[in-house]
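Results of the structural survey
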Amino acid sequence: MKKDVECAHSCKGFCNALEIATLHEKEAIFHYDSLRDECNYPDVKAILNELIIQRQKTIRLLEEAKVLLKSKFEILDQIQDGFKS
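Now for the overall build of the chain. The helix and strand inventory of the chain stands at 2 helices and 0 strands. For the chain, the proportion of its 85 residues judged to be buried stands at 18%. Once local pairs closer than 6 in sequence are excluded, the contacts in the chain between residues at least 24 apart make up 54%.

The next subject is the pattern of salt bridges. The final tally for this structure, using the stated rule, is 5 salt bridges. A salt bridge links E19 to K66; the shortest N-O distance between them is 2.9 Å. Linking E19 in helix 1 (residues 16–38) with K66 in helix 2 (residues 42–84), this pair joins segments that are 47 residues apart in sequence. For K66, the salt bridge is made with E63, and the minimal N-O distance between the two is 3.1 Å. In this pair, K66 and E63 both sit in helix 2, 3 residues apart, roughly one turn of the helix. One network of salt bridges, with partners in common, ties together E19, E63 and K66.

As a further point, take the packing of helix 1 against helix 2. Interhelical geometry of helix 1 versus helix 2 gives an angle of 165° and a closest axis separation of 9 Å. Regarding the angle of helix 1 to helix 2, the classification is roughly antiparallel. With respect to the hand of their crossing, helix 1 and helix 2 are arranged in left-handed fashion. Grouping the constituent residues of the contact of helix 1 with helix 2 by class yields 13 nonpolar, 5 polar and 10 charged.

A few words on helix 1. When the terminal C-alpha atoms of helix 1 are compared, their 33 Å separation across 23 residues agrees well with the 33 Å that a helix rising 1.5 Å per residue should span. Of the residues making up helix 1, those classed as buried are L18, I20, T22, E25, A28, I29, Y32 and R36. Where helix 1 is buried, its residues meet helix 2.

The biggest cluster of nonpolar side chains holds 6 residues, and these are A28, I29, Y32, L48, I52 and I59. Apart from the residues within four sequence positions on either side, L48 is in contact with Y32, L35 and R36.

Here E19 takes part through its side chain, which lies 2.9 Å from a polar atom of the side chain of K66. Excluding its chain neighbours within four sequence positions, the residues that come into contact with K66 are L18, E19 and T22.

What counts as what
Per chain, the residues get numbers from 1 upward, laid out in the order the sequence is written. Where totals are concerned, whole chains, interfaces and linings use all residues; where local detail is concerned, this predicted model gives features only for residues with pLDDT of at least 70, and gives and counts side-chain atom pairs only at 80 or more. Side-chain numbers here rest on the full set of heavy atoms in the structure, without hydrogens or water. Helix and strand assignments follow DSSP, with helices taken as H or I runs no shorter than four residues and strands as E runs no shorter than two, numbered in order from the N terminus. Remark: exposure states derive from per-residue accessible area (1.4 Å probe, protein chains only) relative to the maximum for the residue type, with buried under 20%, exposed over 50%, and partly exposed in between. By the convention used here, residues are in contact when the closest approach between their heavy atoms is within 4.5 Å. In what follows, salt bridge is the name for a side-chain nitrogen of Lys or Arg lying within 4 Å of a carboxyl oxygen of Asp or Glu. Axis lines are fitted to C-alpha atoms, over the contacting stretch for helices. Their N-to-C directions set the angle, which ranges from 0 to 180 degrees. In this scheme, roughly parallel covers angles under 35 degrees and roughly antiparallel covers those over 145, while 65 to 115 is roughly perpendicular and the rest are oblique. When the near helix sits turned anticlockwise from the far one by under a right angle, the crossing is termed left-handed; a clockwise turn instead gives a right-handed crossing. By the convention adopted, Pro, Cys, Tyr, Trp, Phe, Met, Ile, Leu, Val and Ala count as nonpolar, Lys, Arg, Asp and Glu as charged, and the other residues, Gly among them, as polar. Multiplying one less than the number of residues by 1.5 Å gives the expected span of a helix. Here, nonpolar core refers to any group of buried Ala, Val, Leu, Ile, Met, Phe, Trp, Tyr and Cys residues whose side-chain atoms link them within 4.5 Å. Contacts described as polar in this section are N or O atom pairs within 3.5 Å, which, within protein, must combine one atom able to donate a hydrogen with one able to accept it, while residues neighboring in sequence count only if both atoms come from side chains.

Written out as structure tokens, the structure is:
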């Protein structure tokens, strides 16, 4: 399921690329979870668990990046507003 990333190059308040990456990670977790539930081999279950943990860490990283971008844009807006006054 490929989604096109149309970057507006402004990202103000929203980054389409980060949103799509987060969605892909969540979909991967869903698939790994389904495979893990069907599997009865302990080593494979452990590998799938580790993959799920890695994807969850990636989602946290993406969420942190979104927060950082938002705060950067807020600061830029404040600077820009300072020049308008």
